[in-house]
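# Structure at a glance
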Amino acid sequence: MKTVQFELNGKPVSVNAQEDESLLWVIREQLGLTGTKFGCGEGFCGSCTVLMNGEAVRSCTLAAVDAAGSSILTIEGLSKNGVLHPIQEEFVKNDALQCGYCTPGMIMNAYGLLLNNPEPTREEVVIAMDENLCRCGAHGRIIQAIQNAGKKMKKA
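The present account deals with the structure reproduced in this document. (Residues numbered from 1 in each chain as written. Predicted model: local features only at pLDDT ≥ 70, side-chain atom pairs only at ≥ 80, totals over all residues. Heavy atoms only, no water.)

As a further point, take the nonpolar core. Counting 24 residues, the largest nonpolar core has Leu78, Ile87, Phe91, Met106, Ile142 and Ile146 as its most contacted members. Of all the elements, helix α3 (residues 103–116) adds the most residues to this core, at 7 residues. Leave out the neighbours within four places in its chain, and Ile146 touches Phe91, Ala110, Leu113, Leu114, Val125 and Met129. Listed in part, the 18 residues of the second largest apolar core include Leu8, Val13, Val65 and Ala67. (Core = buried A, V, L, I, M, F, W, Y, C linked by side-chain atoms within 4.5 Å. Buried < 20%, exposed > 50% of the residue type's maximum accessible area, 1.4 Å probe, protein only. Helix = DSSP H or I, 4+ residues; strand = E, 2+ residues; numbered from the N terminus. Contact = heavy atoms within 4.5 Å.)

So this is what it looks like as structure tokens:
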């Protein structure tokens with residue numbers, strides 16, 4: 001067991017984690033933030049995506065001890081004072097979800113994309129989101145939501 005300190009959604013946290021314990025389970029079980037989902041457990045589906053120092057990472061394959069000293073952002077950290085982030089607003093506005101299970105991971109991966117490329121082309125969005133799986137078939141609306149959010153974020 002090791003004590004790990006990092007920043008979670010802008011606040012310092014300290015947890016005790018096993019060397020091989022994933023960041024996903026620390027976030028969900030120790031810190032009580034359940035927006036980050038368990039999907040495949042192997043980093044292939046993207047349901048567990050969080051941002052680590054501004055980059056999208058799969059929290060199911062990242063050991064919590066490797067997050068020491070990092071800044072982690074989960075879906076719960078995107079909205080501020082009850083106001084949805086532009087990317088969350090666009091997902092709602094474009095009806096870019098059906099069951100919603102993959103949506104937190106989709107939004108976090110898209111946010112990581114938009115931080116680096118605020119106006120991605122449709123092809124760039126498709127490539128960036130290729131490894132986030134959605135079985136509901138909302139892909140076209142997801143792409144539109146991401147492109148709209150990029151434009152909103154650029155104006156803000």
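Moving on to helix α2 (residues 86–93). Residues Ile87, Gln88, Glu90 and Phe91 constitute the buried set of α2. End-on, the buried residues of α2 take up no more than an arc of 160°, which puts them together on one face. Residues of α2 that are exposed and point more than 90 degrees away from the buried face comprise Val92 and Lys93. One or two residues past the end of α2 sits Asp95, with phi positive at roughly 50°. (Arc of directions from axis to C-beta.)

Quick look at the pattern of salt bridges now. Taken as a whole and judged by the stated rule, the model has 3 salt bridges. Across the salt bridge formed by Glu89 and Lys152, the nearest N and O atoms sit 3.2 Å from each other. On the criterion of sequence distance, the pair formed by Glu89 in helix α2 and Lys152 in helix α5 (residues 139–155) is long-range, its members being 63 residues apart. We classify Glu89 as partly exposed; its relative accessible area is 30%. Judged by its relative accessible area of 32%, Lys152 is partly exposed. Between Glu119 and Lys154 there is a salt bridge, with its nearest N and O atoms 2.5 Å apart. Separated by 35 residues along the polypeptide, Glu119 in the loop between α3 and α4 (122–129) and Lys154 in helix α5 bring together distant segments of the chain. Of the residues examined, Lys154 reaches a relative accessible area of 53% and is grouped as exposed. The network of salt bridges with common partners includes Glu89, Glu90 and Lys152. (Salt bridge = Lys/Arg side-chain N within 4 Å of Asp/Glu carboxyl O.)

Relative placement of two packed helices is described by the angle separating their axes and the distance separating the axes. Interhelical geometry of α3 versus α4 gives an angle of 125° and a closest axis separation of 10 Å. Between α3 and α4, the angle falls in the class oblique. Between α3 and α4 lies a crossing of right-handed hand. Packed against α3, whose contacting residues are Met106, Asn109, Ala110 and Leu113, the element α4 presents Val125, Ala128 and Met129 at the interface. In terms of residue class, the contact of α3 with α4 is built from 6 nonpolar, 1 polar and no charged. (Axes fitted to C-alpha atoms, helices over the stretch in contact; angles between N-to-C directions. Parallel < 35°, antiparallel > 145°, perpendicular 65-115°, else oblique. Left-handed = near helix turned anticlockwise from the far one by under 90°. Nonpolar A, V, L, I, M, F, W, Y, C, P; charged D, E, K, R; others polar.)

Okay, the packing of α2 against α3 next. Contact geometry of α2 with α3 gives a least axis separation of 10 Å together with a crossing angle of 130°. Considered as vectors, α2 and α3 are oriented oblique to each other. When you trace α2 past α3, the crossing you get is right-handed. Contacts between α2 and α3 involve Ile87, Gln88 and Phe91 from the first element and Thr103, Met106, Ile107, Ala110, Tyr111 and Leu114 from the second. The residue inventory of the contact of α2 with α3, partitioned by class, reads 7 nonpolar, 2 polar and no charged.

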